[in-house]
Amino acid sequence: MRSILKQLKPFDYILIFLTILLSFIPSTYTYLKTNQIENSQLIAMVKIDGQVVDTYELSSNGPHQTKTYYPHKGQYNIIEIKQNKIRVKEDNSPDQIAVNTGWIEKNGQILVCLPHQLMIEITKQDSINPSEENEIILPLQ
């Protein structure tokens, strides 16, 4: 160990210190972005067949409400909004994946009921722009 320290020059110590300091930049950036997202207003968008049918503002002092959607004949989904979170409380789909997913409350989370073509997506309020929706284009085979 002592022989290694004798081989290092003063400039090497500066480089080691700068390398360690620079290694903290990604975590600092992530921390700042997370706080920015937490402080911005979140919106839950309910989509049926890819079309936005409702939006709900999620806030800590928001109302507790439920709403029933009928995406197609013989199908229903009961959505529950409670303060800053949203869920599918009940539906008549065979697999119950949306119901079993539970509450979602963070930016970017998505809740999907595929048999009913119903999707709930949480986004920041300032990022909602209907002309710039993310679409997946799959090639025809």
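**Some points on the pairing of strand E5 (residues 85-91)**
Pairing analysis gives 6 bridges linking strand E4 (residues 77-82) to E5, with the strands arranged antiparallel. Residue pairing across strands places Lys-82 opposite Lys-85, the latter belonging to E5. Linking E4 back to E5 in an antiparallel pair, the connection comprises 2 residues, with Gln-83 at a positive phi of about 55°.

**Some words on the pattern of salt bridges**
Under the defined criterion, the tally for this structure stands at 3 salt bridges. For Lys-67, the salt bridge is made with Asp-54, and the minimal N-O distance between the two is 2.7 Å. Taken together, the positions of Lys-67 in strand E3 (residues 64-69) and Asp-54 in strand E2 (residues 51-58) put the pair 13 residues apart, joining distant regions of the chain. We classify Lys-67 as partly exposed; its relative accessible area is 35%. Accessibility expressed as a relative area gives 19% for Asp-54, which makes it buried. Across the pair Arg-87 and Glu-80 runs a salt bridge, and its minimum N-O distance is 2.5 Å.

**Details of the environment of Ile-122**
With respect to the secondary-structure elements, Ile-122 resides in strand E7 (residues 118-124). For Ile-122 and Thr-55, which are 67 residues apart along the polypeptide, the C-alpha to C-alpha distance reads 9.5 Å. Ignoring sequence-local partners within four residues, the contact set of Ile-122 consists of Leu-42, Ile-43, Ala-44, Leu-58, Ile-86, Ile-104, Glu-105, Lys-106, Asn-107, Gly-108 and Gln-109.

**Re the environment of Ile-104**
Examined against the element boundaries, Ile-104 turns out to sit in the loop between helix H4 (97-101) and strand E6 (110-113). You can call Ile-104 buried: its relative accessible area is 3%. A C-alpha to C-alpha distance of 5.6 Å links Ile-104 and Ile-86, two positions 18 residues apart in sequence. The residues contacting Ile-104, other than those within four sequence positions of it, are Asn-84, Lys-85, Ile-86, Gln-109, Ile-110, Leu-111, Ile-120 and Ile-122.

**Looking at the side chain of Ser-93**
Note that Ser-93 resides in the loop between E5 and H4. You can call Ser-93 buried: its relative accessible area is 5%. Of the polar contacts made by the side chain of Ser-93, one reaches the side chain of Asp-91; its length is 3.0 Å. Not counting residues within four places of it along the chain, the set of residues in contact with Ser-93 comprises Cys-113, Pro-115 and His-116.

**Focus: the sheet that holds E5**
One open sheet accounts for 3 strands, arranged E3-E4-E5; its pairing is antiparallel. The strands lining the two open edges of the sheet, one partner per strand, are E3 and E5. For this sheet, the mean inter-axis angle between neighbouring strands, taken without regard to orientation, is 20°. Where E3 meets E4, 6 bridges bridge the pair, whose relative direction is antiparallel. Residue pairing across strands places Lys-67 opposite Ile-79, the latter belonging to E4.

**Quick notes on unusual backbone geometry**
For Asp-49, which is not a glycine, the phi torsion comes out positive at approximately 55°. Position of Asp-49 among the secondary structure elements: in the loop between strand E1 (42-48) and E2. We classify Asp-49 as partly exposed; its relative accessible area is 43%.

Cut-off values and rules
Residues numbered from 1 in each chain as written. Predicted model: local features only at pLDDT ≥ 70, side-chain atom pairs only at ≥ 80, totals over all residues. Heavy atoms only, no water. Pairing = 2+ DSSP bridges. Helix = DSSP H or I, 4+ residues; strand = E, 2+ residues; numbered from the N terminus. Salt bridge = Lys/Arg side-chain N within 4 Å of Asp/Glu carboxyl O. Buried < 20%, exposed > 50% of the residue type's maximum accessible area, 1.4 Å probe, protein only. Contact = heavy atoms within 4.5 Å. Polar contact = N/O pair within 3.5 Å; in protein donor to acceptor, adjacent residues only side chain to side chain. Axes fitted to C-alpha atoms, helices over the stretch in contact; angles between N-to-C directions.

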